Amino acid sequence: MAEKKGVILSGMRPTGKLHLGNLFGALDNWVALQEEYHCYFCIVDWHALTTAYEDPYSIKEDIRDMALDWLSCGIDPEKSVVFRQSDVKEHAELHLLLSMITPLSWLERCPTYKEQIQQMEGRNLATYGFLGYPLLQAADILIYKADAVPVGEDQAPHIEMTREIARRFNHLYDRKVFPEPATILNEYKVVPGLDNRKMSKSYDNVIEISISLPEIAPKVRMMVTDPARIRKSDPGNPEVCSVFAFHRIFNRETLEELQENCRKGAVGCVQCKDFLAGYMKQYLEPVYDRRRRLEKTPAVVEELLEQGRRKALQVARETMEEVRSAMGLA
Ligand code: TRP
Ligand code: SF4
């Protein structure tokens with residue numbers, strides 16, 4: 001195998017089963033990156049606690065689901081380090097030490113902070129932990145000296161802040177301990193939900209990655225088509241149809257033909273949906289099979305996370321020695 005190009009770290013908050021929006025918005029990018037980089041993929045349970053602290057008891061199950069989703073989509077523990085944030089306490093130590101050098105204003109003016117506090121009305125997020133969310137994220141990234149971080153656009157300000165913190169640290173202690181990580185914006189594939197809005201758990205319009213094959217066709221039947229099309233012979237507009245958006249992702253064979261036939265009124269929506277369900281089954285079958293096989297071994301997640309913990313810990317410990325020494329704590 002060719003020499004790998006550098007270190008990548010990314011993370012996800014365990015908030016329940018992942019859906020196809022997560023697969024095509026993030027996970028498939030990760031799967032591709034693991035061929036070329038040393039990858040660390042972190043299940044960030046402390047980050048989940050920043051908003052779920054009042055009712056944290058499902059996080060444990062969510063971690064298991066997330067690990068199974070990752071593995072079944074092709075994250076490979078032989079190629080990548082898969083681990084749980086709270087298993088490597090060094091993240092917390094680095095978070096603490098970085099908090100000494102982080103101006104409060106950097107955190108307060110972070111765009112995601114104000115937005116989320118407004119969105120999550122009804123929950124008390126005026127906490128120290130929530131304000132420090134991006135700093136904990138910076139610690140996740142810097143402790144592995146990541147060269148790049150693949151994330152969605154919404155996370156770009158956090159990676160920017162991570163670079164500023166790395167720069168400030170290196171400057172203050174006159175040592176180049178941390179590289180400034182680049183942002184890799186996830187290639188954005190639009191995945192609409194069943195109702196043609198963005199696929200999101202809060203809209204209740206998702207298809208889960210772990211969907212079983214017999215459940216696919218009924219979900220597809222629920223998808224919204226071109227609302228102006230009443231009879232089969234009416235010309236349709238694939239651009240406004242969520243079924244067609246899914247064809248773009250899953251259908252490698254008859255996409256153009258179908259588009260034309262829809263426009264001419266030569267294919268009915270029922271048939272078009274049947275085709276789609278067929279392509280989706282083809283694509284998701286190996287994912288589903290892998291998950292079922294994994295679920296048969298109850299300890300598979302524990303073993304995965306234990307192996308990941310050991311590998312991550314080794315690197316995190318080395319970095320912390322450097323950090324302590326730079327800060328006069330050695
Ligand atoms: N904040 C990220 C999100 O909500 C999750 C996350 C935590 C993360 N630590 C990270 C992402 C480190 C990338 C790198 O999506
Ligand atoms: Fe959508 Fe297919 Fe119906 Fe056209 S034929 S409106 S693409 S479901």
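Cut-off values and rules
Residues numbered from 1 in each chain as written. Chains lettered and ligands numbered in written order. Predicted model: local features only at pLDDT ≥ 70, side-chain atom pairs only at ≥ 80, totals over all residues. Heavy atoms only, no water. Near = heavy atom within 4 Å. 1 Å grid on protein atoms, 1.4 Å probe; cavity = no way out; pocket = protein on both sides within 12 Å on 5 of 7 lines; lining within 4 Å. Sits in = over half its atoms within 2 Å of the grid points. Helix = DSSP H or I, 4+ residues; strand = E, 2+ residues; numbered from the N terminus. Nonpolar A, V, L, I, M, F, W, Y, C, P; charged D, E, K, R; others polar. Core = buried A, V, L, I, M, F, W, Y, C linked by side-chain atoms within 4.5 Å. Buried < 20%, exposed > 50% of the residue type's maximum accessible area, 1.4 Å probe, protein only. Domains from an automatic or database assignment. Contact = heavy atoms within 4.5 Å. Buried area = accessible area lost by both parts, 1.4 Å probe. Salt bridge = Lys/Arg side-chain N within 4 Å of Asp/Glu carboxyl O. Polar contact = N/O pair within 3.5 Å; in protein donor to acceptor, adjacent residues only side chain to side chain.

Neighbouring ligand 2 are T225, D226, R229, C241, V243, F244, C262, V267, C269 and C272. Comparing atom positions with the cavity grids shows ligand 2 to sit within the largest cavity. Going through the elements one at a time, α11 (242–250) and α13 (269–296) are the ones with two or more residues in the shell around ligand 2. Among the residues making up the shell around ligand 2, the classes are represented as seven nonpolar, one polar and two charged.

Turning our attention to the nonpolar core. Ranked by internal contacts, the top residues of the largest apolar core, which has 61 residues, are L20, L27, W70, I207, F246, F250 and M280. Here this core gets nine residues from one element, more than from any other, and that element is α13. The residue makeup of this core includes at least three contributed by each of domain 1 (7–191 + 298–326) and domain 2 (211–292). Not counting residues within four places of it along the chain, the set of residues in contact with L27 comprises M12, L18, N22, D69, W70, C73, I75 and I209.

Below, the discussion takes up the domain arrangement of the protein chain. When the domains of the protein chain are assigned, the result is domain 1 (7–191 + 298–326) and domain 2 (211–292). With centres defined by C-alpha atoms, the gap from domain 1 to domain 2 works out at 35 Å. Contacts between domain 1 and domain 2 engage 13 residues on the former and nine residues on the latter. Summed over both partners, the interface of domain 1 with domain 2 comes to about 890 Å²; 68% of that surface belongs to carbon and sulfur atoms. Summed over the three residues of domain 1 that lose the most area to domain 2, namely L20, F24 and S72, the buried surface amounts to 52% of that side. On inspection of domain 1 and its partner domain 2, the count reaches two salt bridges. The residue D69 makes a salt bridge to R291 at a minimum N-O spacing of 2.6 Å. The tally of links between domain 1 and domain 2 comes to three residue pairs in polar contact (both at pLDDT 80 or more). When contributions to the side of domain 1 that touches domain 2 are tallied by element, the ones reaching two or more residues are α1 (20–33) and α3 (59–73). Counting residues per element, the side of domain 1 that touches domain 2 draws most heavily on α3, which supplies six residues.

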